[in-house]
Amino acid sequence: DQMYELGASNLRFGPGATAEVGYDLREVFGAKRIVVFTDSKVANLSSMQVLLESLSLNKLEVTVYDAVRVEPNDASFKHAIDWLSCQHYDAIVALGGGSVMDTAKAANLYAQFPPNDFYDYVNPPVGKGIPVPSGSLPPLIAVPTTAGTGSETTGVAIFDDSSTKSKTGIANRRLKPTLGIVDPNNTITLPPEVATYSGLDVLCHAIESYTAMPFDQRPKPATPAQRPAYQGSNPISDVWSLFALNTAALCLPRAVRDGNEEDRAQMLLASSAAGLGFGNAGVHLCHGMSYPIASQVESYRPSAGYDNIDHAIVPHGLSVIITAPSVFSFTGKANPERHAKCAKILAEARLGQRKSSAEYSKKGGNDDDAGLWLADEIRELMHILDVPIGIRCLGYSEKDIPNLVEGTLPQHRVTKISPRPVGSEELHSLFTNALDD
C-alpha cells in the first residue's frame, strides 16, 4: 500500500480542562442526558467531583455507571452494554484509565447498533470483525486519569476473552472519542506504582509504533474502507512516537520518584502523543504477547497501588514491558537504525549525550547490536523503576509457554505488523527468552 492516513480525536490539554466538559456537552453537542462511565476507585476521587460539578453547573441530567472492571473482560463488557442499553442518553463521559474508556466505547457502540452476536464486531479470528454500521454514535468525551493507554485518541477497545484465554478487542476509527480532555490535575493522586506501569505502556506504544513494519510493506486493501487502523510505521506517526519516547525517557523516572506535577503533566501529554502515533501505526509483539500474559495469570497481584482489585492482575504496562527485552533483541535486525535511535534516546536520558555514544561503541556499535542495545536500555529503565524482570516473576514457567503462544497467535491485528514475521516457533523462543530476562 502506498497510502497512510492520520485519524485522531480532538484533544484539549491543560490543568483544569475537566471543568469545561459540562459546557462542551451543553453548548457544543446539545446534550441534556449524560452517562458517566468510571470505576469504583475513580468515583471517589476529586476528579469525579470536578466533573460532576461541571455537569451540574450546566444543568445536565447525569447517570453514573461505576462498575467498570479494571482490565475488562467479555463479561464486564456485556454488563456495561446491557446497562447502557436500558438508558436514555445523549452523550457519554468516560472518566478513568484505559479500562474505563474502552468499556465506554464498546458500550456506546453496542447500545446504538446491537449486533446479532457479541463477537460480530470483535477482531478476527476471535470474532467476525464486521464493520461498524454507518450512522453516528452519540458523542463520547474521554477524560484520562492515568498517563498510559492513550485510549482518548484511539478507536480501539480491548478486553480479556474468557473462552480463548486471550485479549482481543474491537478496532474501528469510528470508535474514537469525540473529544479527549487531557487534564494534568487528574493524575496528581496517581499512586507511584500505577504511574510506573502506565508510563511504561507509553514507552512501549512509542517504540513499537516506531519500529513496526513500514506502511508500504503492507498489502494494499481492496477498498479505502478496508485499510486497517494499524497501518504500520509512517512519517506522521513517527513524529508523535518519537516525541512520546523522548518525553517518557526524561520524565517517567522523575514522575515516579518525585511525583513532580510538571513531569506528570508531561507524561500525560506523552501518553496522548503516543496514542496518536500507535493509533495509526500500530503496536506489535510486546502488545501481542502481553495479551495472554495478562489474561492467563492465575495469582499475581502487584505489591502496591492496586489494592482495590479483587482478582489476579498483571497491570497492562507491566505485561507489555516484561517481554520488551526479548522482543527488541529479536526485531532489531529488521531495522537497526530505528532500534538504535530508540536505544540512544533512552541512553541519553539516563547518561547524557556523550556517554550514550560511548555506551553504543562499547557494545559494538554495529547494526547487529542495535536490538540488543535497545533491550539493555529497557532493562536499565526497569531496574531504575524497580519493575519485575521476566515472566517467571508473574507465576509462569516453561510448562505455560505453549498456552502463551496459543494465546498470542490470534492477535493478528498487531502481530502482522511485526518488523520480523513470527509463528509458533518464533513465539516459543521469545517467551522462553522472556522467562527470566
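The written sequence of each chain sets the order in which its residues are numbered from 1. Per-residue local features are limited, in this predicted model, to residues with pLDDT of at least 70; the limit for side-chain atom pairs, both in listing and counting, is 80 or more; totals at the level of whole chains, interfaces and linings are taken over all residues. Water and hydrogen atoms play no part in the side-chain values, which are based on all heavy atoms of the structure.

Engineer: I'm lost on the overall build of the protein in this one. Help?
Structural biologist: Helices and strands together make up the secondary structure of the protein, namely 16 helices and eight strands. We compute the radius of gyration from the C-alpha atoms alone; for a globule the expected value is 2.2 Å times N to the 0.38, where N is the number of residues. In terms of C-alpha radius of gyration, the protein reaches 20 Å, essentially the compact-globule figure of 22 Å for 437 residues. Taking the principal axes of its C-alpha atoms as reference, the protein extends roughly 65 × 45 × 45 Å. Relative to its full complement of 437 residues, the protein shows a buried share of 60%. By the convention used here, residues are in contact when the closest approach between their heavy atoms is within 4.5 Å. Contacts in the protein between residues far apart in sequence, at least 24 positions, make up 80% of those at least 6 positions apart. Working definition of accessibility: Shrake-Rupley area with a 1.4 Å probe, residue cover restricted to the visible protein chains. Working note: accessible area of the protein is about 17,200 Å², and carbon and sulfur atoms make up 50% of it. On the protein, the mean spot of the 37 positive side-chain charges and the mean spot of the 49 negative ones are 3 Å from each other. Secondary structure elements are taken from DSSP: a helix is a run of H or I of four residues or more, a strand is a run of E of two residues or more, and numbering for both begins at the N terminus. Per-residue accessibility, obtained with a 1.4 Å probe over protein chains only, is compared with the maximum for each type, and a residue is labelled buried under 20%, exposed over 50%, and partly exposed between these values. In this charge count, Lys and Arg are treated as positive and Asp and Glu as negative; neither His nor the chain ends contribute. Note on charges: their place is set at NZ of Lys, CZ of Arg, CG of Asp or CD of Glu.

Engineer: Could you clarify how one ought to interpret the pairing of strand 4 (residues 91-96) in this entry?
Structural biologist: Working note: regular strand, side chains alternate between the two faces of the sheet. A large share of strand 4 lies buried, amounting to six of its six residues. In terms of strand pairing, strand 2 (residues 33-37) meets strand 4 through four bridges, oriented parallel. Note that in strand 4 the partner of Ile34 across the bridge is Ala91. Where strand 4 lies against strand 5 (residues 140-144), five bridges are found, and the strand directions are parallel. Each bridged residue has a counterpart across the sheet, and for Leu95 the counterpart in strand 5 is Val143. Pairing between strands is defined by DSSP: at least two bridges between the two strands are required.

Engineer: Is there a simple way to think about the packing of helix 8 (residues 285-295) against helix 16 (residues 424-433) in this case?
Structural biologist: When two helices pack together, their arrangement is given by the angle between the helix axes and by the axis-to-axis distance. For every element, the axis is a line fit to its C-alpha atoms; helices are fit only across the contacting stretch, and the angle between N-to-C directions ranges from 0 to 180 degrees. With their axes 12 Å apart at the nearest point, helix 8 and helix 16 run at an angle of 75 degrees to one another. Taken together, helix 8 and helix 16 sit at an angle that is classed as roughly perpendicular. Facing helix 8, whose interface residues are Leu285, Met289, Pro292 and Ile293, helix 16 presents Leu427, Leu430 and Phe431. Along the lines of polarity and charge, the residues of the contact of helix 8 with helix 16 split into seven nonpolar, no polar and no charged. Angular relationships are summarised with four words: roughly parallel below 35 degrees, roughly antiparallel beyond 145, roughly perpendicular across 65 to 115, and oblique for the angles in between. Each residue is assigned to one class: nonpolar for Ala, Val, Leu, Ile, Met, Phe, Trp, Tyr, Cys and Pro, charged for Asp, Glu, Lys and Arg, and polar for all the others, Gly among them.

Engineer: What exactly am I supposed to notice about the environment of Ala104 here?
Structural biologist: The residue Ala104 is located in helix 4 (residues 98-112) in this model. Residue Ala104 is classed as buried on the basis of its relative accessible area, which comes to 0%. Here the alpha-carbon distance between Ala104 and Gln226, two residues 122 residues apart in the chain, equals 24 Å. Setting aside chain neighbours within four positions, we find Ala104 in contact with Phe37, Ile92, Ala94 and Leu140.

Engineer: Sorry, what's going on with a nonpolar patch on the surface here?
Structural biologist: Candidate patch residues must exceed 30% relative accessible area and have no salt bridge, after which like charges are joined if within 9 Å and Val, Leu, Ile, Met, Phe, Trp or Tyr side chains if within 5 Å. A pairing counts as a salt bridge when a side-chain nitrogen of Lys or Arg comes within 4 Å of a carboxyl oxygen of Asp or Glu. Together, Tyr4, Leu6, Ile236, Val239 and Trp240 make up an exposed nonpolar region whose accessible area comes to about 420 Å². Examined against the element boundaries, Trp240 turns out to sit in helix 6 (residues 235-258).

Engineer: I keep staring at the pattern of salt bridges and nothing clicks. Help me out?
Structural biologist: Side-chain pairs of opposite charge can arise where the charged atoms are in close proximity. The final tally for this structure, using the stated rule, is 23 salt bridges. Across the pair Glu27 and Arg26 runs a salt bridge, and its minimum N-O distance is 2.6 Å. Asp258 is the partner of Arg257 in a salt bridge, and the nearest nitrogen-oxygen pair spans 3.2 Å. Here Arg257 falls in the exposed class, since its relative accessible area comes to 58%. Given the relative accessible area of 48%, Asp258 is considered partly exposed.

Engineer: Whenever I open this one, the side chain of His284 confuses me. Can you help?
Structural biologist: On the secondary structure map, His284 appears in the loop between helix 7 (261-281) and helix 8. His284 sits in the buried class, given a relative accessible area of 0%. Once residues within four sequence positions are removed from consideration, His284 is found in contact with Glu208, Thr211, Ala212, Val327, Phe328, Thr331, Val414, Ile417, Ser418 and Pro419.

Engineer: For this particular structure, what's the right way to read the pairing of strand 8 (residues 179-182)?
Structural biologist: Covered by surrounding structure in strand 8 are Leu179 and Ile181 together with Gly180 and Val182, the residues of both alternating faces. In this structure, strand 1 (residues 10-13) lies alongside strand 8, joined through four bridges in parallel fashion. Bridge pairing in strand 8 links Leu11 to Gly180. Where strand 5 meets strand 8, two bridges bridge the pair, whose relative direction is parallel.

Engineer: Looking at this structure, how should I read the packing of aromatic side chains?
Structural biologist: The geometry of an aromatic ring pair is captured by two quantities: the separation of the ring centres and the angle between the planes. Only centres within 6.5 Å qualify two rings of Phe, Tyr or Trp (six-membered ring in Trp) as a pair; their planes then separate them into stacked at under 30 degrees, edge-to-face at over 60, and tilted for everything else. A complete count under the given rule lists 11 aromatic pairs for this structure. Seen from their ring centres, Phe118 and Tyr119 are 5.1 Å apart, and the 85 degrees between their planes marks the pair as edge-to-face. Like Tyr119, Phe118 is buried. Arranged with centres 6.5 Å apart and planes meeting at 40 degrees, the rings of Tyr197 and Tyr306 form a pair that is tilted. Of this pair, Tyr197 sits in helix 5 (residues 192-211) while Tyr306 sits in the loop between helix 8 and helix 9 (316-321); the two residues are 109 residues apart in sequence, bridging distant segments of the chain. Of the residues examined, Tyr306 reaches a relative accessible area of 14% and is grouped as buried. Between Arg338 and the ring centre of Tyr210, over which it is positioned, the NZ or CZ distance is 4.2 Å. Note on geometry: a ring has a charge over it if NZ (lysine) or CZ (arginine) is within 6 Å of the ring centre and within 35 degrees of the ring normal.

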